[in-house]
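This is what each chain is made of:
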Amino acid sequence: MQFMAFLSKKSMHKAPILGFSVFLIPFLAFSYDGPLYDFTAYTECKSVPEKPLYNGGIFKDQAPLTQHRISTSSDGSYTPALILQNLAQNTMYCFSIWVKIQGADSTLVTASLMANNNSTYDCVGTVLAKSGCWSFLKGGFILDSPSSVSILYFQGTTDKSINVAIASASVQPFTEQQWRTNQQYIINTERKRAVTIHVSDSHGDRLQGASITIEQISKDFPFGSAIARTILGNLPYQNWFVERFNAAVFENELKWYATEPEQGKVNYTIPDQMLEFVLANQIVARGHNIFWEDPKYNPAWVRDLTGPDLKSAVNFRIQSLMSKYKEEFIHWDVSNEMLHFDFYEERLGPDATLHFYKTAHEADPLASLFLNEFNVVETCTDVSTTVDTYIDKIRELERGGSSMNGIGLESHFSKPNLPLMRAILDKLATLKLPIWLTEVDISNKFDKETQAIYLEQVLREGFSHPAVDGIMLWTAIHPNGGCYQMCLTDYNLQNLPAGDTVDKLLREWETGEGNGRTDDHGSYSFFGFLGEYKIMVQYGNRTTNSTLSLSQSDETKHFNIQL
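Residues numbered from 1 in each chain as written. Predicted model: local features only at pLDDT ≥ 70, side-chain atom pairs only at ≥ 80, totals over all residues. Heavy atoms only, no water.

Going by what an unreviewed UniProt entry lists, the protein is known as GH10 domain-containing protein and is assigned to Populus trichocarpa.

Here you go:
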């Protein structure tokens, strides 16, 4: 197996549009002259807008009609807009623009699209714009049918006194194949590494023709699923899970209502047994969750508490849970869905969440503490959880001194808008924090085949984004009750379409087993996914076994084996 060179990560970020050769897998090389996706994003408000991405994209050789204004309501109010011509179906359109407002200290500016077939895409991007400076809006859309003339417009609040100005507009199309090529490029540069094994004898002489067998025995990228108590005592389910996943999260068993349904009667028996299964199989686990801000998912007795009694109860909850499971879970979702609900802050004051994070960090300093939320990456129509709202909450917690150090995106999708999903991830990536897709599934309003198609889109998008550090599915099995929204198998562990998709991607995203021989320099090269490998080398009647660890780096890993 001969090693093929590939582009460094750095080259990708220097030139958004470039012709280059990409070597997707060993033995396969082809030339790609399409656009490279530009991950650039800004979250700070600037006095002067930056230059447009992609040199403007389709506006590169013509000035966009940035002064064009349209009426979007019966009251006659107007909003700035861009005219887009001849948009294609099933093409990924990535756009960005700088926005400046007057008439308010800040407001949410939403980008929407009207096509000439009477289709309206209500939200394809948002930004929380501030007065007196320029804010960066990044989004995207996919049309269900072609449109000869479309209007991309930008609205502030319904307050007519707010004026919205736009600058540095950019719209860049990607065909489905171009999008997939860009995804594969990132997978090759972020999730894989080149390796050269040098084989020599005890005198240092290189051995030509030595037989080499490589086998990946573990993966570096955490990919897993929720599990429920139904996995306990179910050996077929346990074997099925272990064969596929290297990460797990308990669906409900660690939640407060499960561990302390009656005040003072704490019971960790079920999560203890689930953790025993996880640890016995060298699976990493996320802790979900310490507190849930939605009132209906708190124990009934907690909802009846106020003031000092509630404060005492929450302190006991943190200390009990975190001391019990110290250093057992890699993450904790400390505050679940706090952008949608405020049960604790309403009763304990605005610093309640800050106290939760500080106390949790003191109890388990090695665990990463996450803010977990839905409708951040799935859509931009939820005004409670726009990407900038999420970023502002993280910065607020950081300013308060919290040890919040993880971004949890639940990822309960309906029909995915992939360029919007990627734009949101780009903005979140500016925080330089670990990003996990924590509860991935597809709505059960779709049939199982459609769920599988959309699931593959979301998983490919997550795995190919350089800022995503892990993916968890929300597919715990319940007898006679299916799963929350989407199952991978039936209760007899026979694959459903979504299960076939996951198995296909798991095979695609592993190196597997390979065989070859050293060349006339005594070397053998391969291109492998990050993780742990077993290496067996045979030469004549001599055999040796070694292990190799592949971690992320732009440089080729050189490994010397002596026989």
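**Considering the state of the cysteines**
Going by this rule: A pair of sulfur atoms, both from cysteines and within 2.5 Å, is called a disulfide here. Each helix corresponds to a stretch of at least 4 residues labelled H or I by DSSP, and each strand to a stretch of at least 2 residues labelled E; elements are numbered beginning at the N terminus. A 1.4 Å probe rolled over the protein chains alone gives each residue an accessible area, and that area as a share of the maximum for its type sets the label: buried under 20%, exposed over 50%, partly exposed in between.
In total, this model carries three disulfides according to the counting rule given. Through a disulfide, Cys45 is tied to Cys133; the S-S separation comes to 2.0 Å. On the sign convention where negative is left-handed, the bridge of Cys45 and Cys133, at about 100° about the S-S bond, is right-handed. In this pair, Cys45 is assigned in the loop between strand 2 (28–32) and strand 3 (69–71) and Cys133 in the loop between strand 7 (120–130) and strand 8 (135–141), connecting sequence segments 88 residues apart. For Cys45, a relative accessible area of 27% translates into the label partly exposed. In the protein, the bonded cysteines, numbered by position in the sequence, are linked as 1-3, 2-4, 5-6. Cys94 forms no disulfide, and the closest cysteine sulfur to it belongs to Cys380, at a distance of 14 Å. Using a relative accessible area of 5% as the deciding quantity, one classes Cys94 as buried.

**Brief notes about the UniProt feature "domain: GH10" (unreviewed entry) in the protein**
Formally: UniProt positions are given in the numbering used here, feature names are shortened, and annotations may be inferred rather than shown by experiment.
If you check UniProt for "domain: GH10" (unreviewed entry), the listed places come out as residues 208–505 in our numbering. Here residues 208–505 runs as 39% helix and 20% strand, with 36 Å between its end C-alpha atoms.

**Structural notes on the environment of Cys45**
Heads up, the rule is: Contact criterion: two residues are considered in contact whenever any of their non-hydrogen atoms come within 4.5 Å of each other.
Residues Cys45 and Phe136 lie 91 residues apart in sequence; the distance between their C-alpha atoms is 7.5 Å. In contact with Cys45, not counting residues within four places along its chain, are Lys130, Cys133, Trp134 and Ser135.

**Observations regarding the sheet that holds strand 26 (residues 557–562)**
Here is the rule: Between any two strands, at least two bridges found by DSSP are needed for them to pair. For helices, the fitted axis covers only the stretch in contact; all axes are lines through C-alpha atoms, and the angles between them, taken along N-to-C directions, range from 0 to 180 degrees.
Here three strands make up an open sheet; going across it, the order is 23-11-26 and the pairing mixed. Across the chains shown, the open sheet's two edge strands, defined by having one partner strand only, are strand 23 (523–529) and strand 26. Neighbouring strand axes in the sheet, compared pairwise and without regard to direction, differ in orientation by 25° on average. Across seven bridges, strand 11 (residues 192–200) lies against strand 23 in antiparallel orientation. Along strand 23, the bridge assignment pairs Arg193 with Gly528.

**Comments concerning the packing of helix 2 (residues 176–190) against helix 12 (residues 448–463)**
Here is the rule we go by: Should an angle fall under 35 degrees it is called roughly parallel, over 145 degrees roughly antiparallel, and 65 to 115 degrees roughly perpendicular, with every other angle called oblique. Residue polarity follows a fixed list, in which Ala, Val, Leu, Ile, Met, Phe, Trp, Tyr, Cys and Pro are nonpolar, Asp, Glu, Lys and Arg are charged, and the others, Gly among them, are polar.
Helix 12 packs onto helix 2 with a crossing angle of 45° between their chain directions and a minimal axis gap of 9 Å. One element, helix 2, and the other, helix 12, form an angle in the oblique class. Facing Trp179, Arg180, Gln183 and Ile187 of helix 2, the residues of helix 12 in contact are Glu456, Arg460, Glu461 and Phe463. Of the residues belonging to the contact of helix 2 with helix 12, the class tally is three nonpolar, one polar and four charged.

**With respect to the confidence of the model for the protein**
We count it as follows: Confidence of the prediction at every residue is given by pLDDT, a number between 0 and 100.
Confidence in the prediction for the protein averages 91 pLDDT; 91% of positions are at 70 or higher. In the predicted structure, residues 1–29 sits below a pLDDT of 50 and forms 75 contacts with residues beyond four places in sequence or in another chain.

**Focus: the sheet that holds strand 10 (residues 163–174)**
Strand order in this open sheet of three strands is 8-5-10, and the pairing throughout is antiparallel. Bordering the open sheet on either side are strand 8 and strand 10, each of which pairs with just one other strand. If you compare each strand with its neighbour and ignore which way they point, the axes differ by 20° on average. Bridge count between strand 5 (residues 92–102) and strand 8: seven bridges; the pairing is antiparallel.

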